[in-house]
Amino acid sequence: MITIKQIQQKLREAIESSSISKKELADKLGVNPSTISRYLHDDKFPSLDTLANLCMILDISADYILCLKEY
């Protein structure tokens, strides 16, 4: 079974390995930069629409983030 911790780890890896700064990512999503930090370090998870936008901005598949496929 896939766990929320696994999904958070994939999201964390995608954000940390991107060339986009956390501030720029926050600006594009219309959220506070501290929210991005919470995605990386806390047990905060984005809403579905924010997750979809994160995938588009980071140019990564939602299937990968959701641990449905390995790329």
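The structure this text deals with has already been given above.
Residues numbered from 1 in each chain as written. Predicted model: local features only at pLDDT ≥ 70, side-chain atom pairs only at ≥ 80, totals over all residues. Heavy atoms only, no water.

**Q** Report on the pattern of salt bridges, specifying residues and quantitative values.
**A** Scanning the model with the defined rule gives two salt bridges in all. A salt bridge links Asp27 to Lys23; the nearest nitrogen and oxygen atoms lie 3.2 Å apart. Placement of both Asp27 and Lys23 in helix H2 (residues 22-29) is noted, with a separation of four residues, approximately one turn of the helix. We note that Asp27, like Lys23, is exposed. A salt bridge links Glu24 to Lys28, with the nearest nitrogen and oxygen atoms 3.8 Å apart. A residue pair is termed a helical-turn pair when its members lie 3 or 4 positions apart in one helix, as Glu24 and Lys28 do in helix H2 at four residues. A relative accessible area of 36% places Glu24 in the partly exposed class. (Salt bridge = Lys/Arg side-chain N within 4 Å of Asp/Glu carboxyl O. Helix = DSSP H or I, 4+ residues; strand = E, 2+ residues; numbered from the N terminus. Buried < 20%, exposed > 50% of the residue type's maximum accessible area, 1.4 Å probe, protein only.)

**Q** An account of the state of the cysteines is needed here, citing residue identities and associated values.
**A** What we call a disulfide is simply a covalent bond connecting the sulfur atoms of a pair of cysteines. The full count for this structure, using the stated rule, is zero disulfides. Cys55 takes part in no disulfide bond, and the closest cysteine sulfur, belonging to Cys67, lies 11 Å away. (Disulfide = S-S within 2.5 Å.)

**Q** Tell me what's going on with the packing of helix H1 (residues 4-17) against helix H3 (residues 33-41), and back it up with residues and numbers.
**A** The contact between H1 and H3 brings their axes to 8 Å, and the two run at 130 degrees. Taken together, the axes of H1 and H3 lie oblique to each other. Contacts between H1 and H3 involve Leu11, Arg12, Ile15 and Glu16 from the first element and Ile36, Tyr39 and Leu40 from the second. The residue makeup of the contact of H1 with H3, split by class, is five nonpolar, no polar and two charged. (Axes fitted to C-alpha atoms, helices over the stretch in contact; angles between N-to-C directions. Parallel < 35°, antiparallel > 145°, perpendicular 65-115°, else oblique. Contact = heavy atoms within 4.5 Å. Nonpolar A, V, L, I, M, F, W, Y, C, P; charged D, E, K, R; others polar.)

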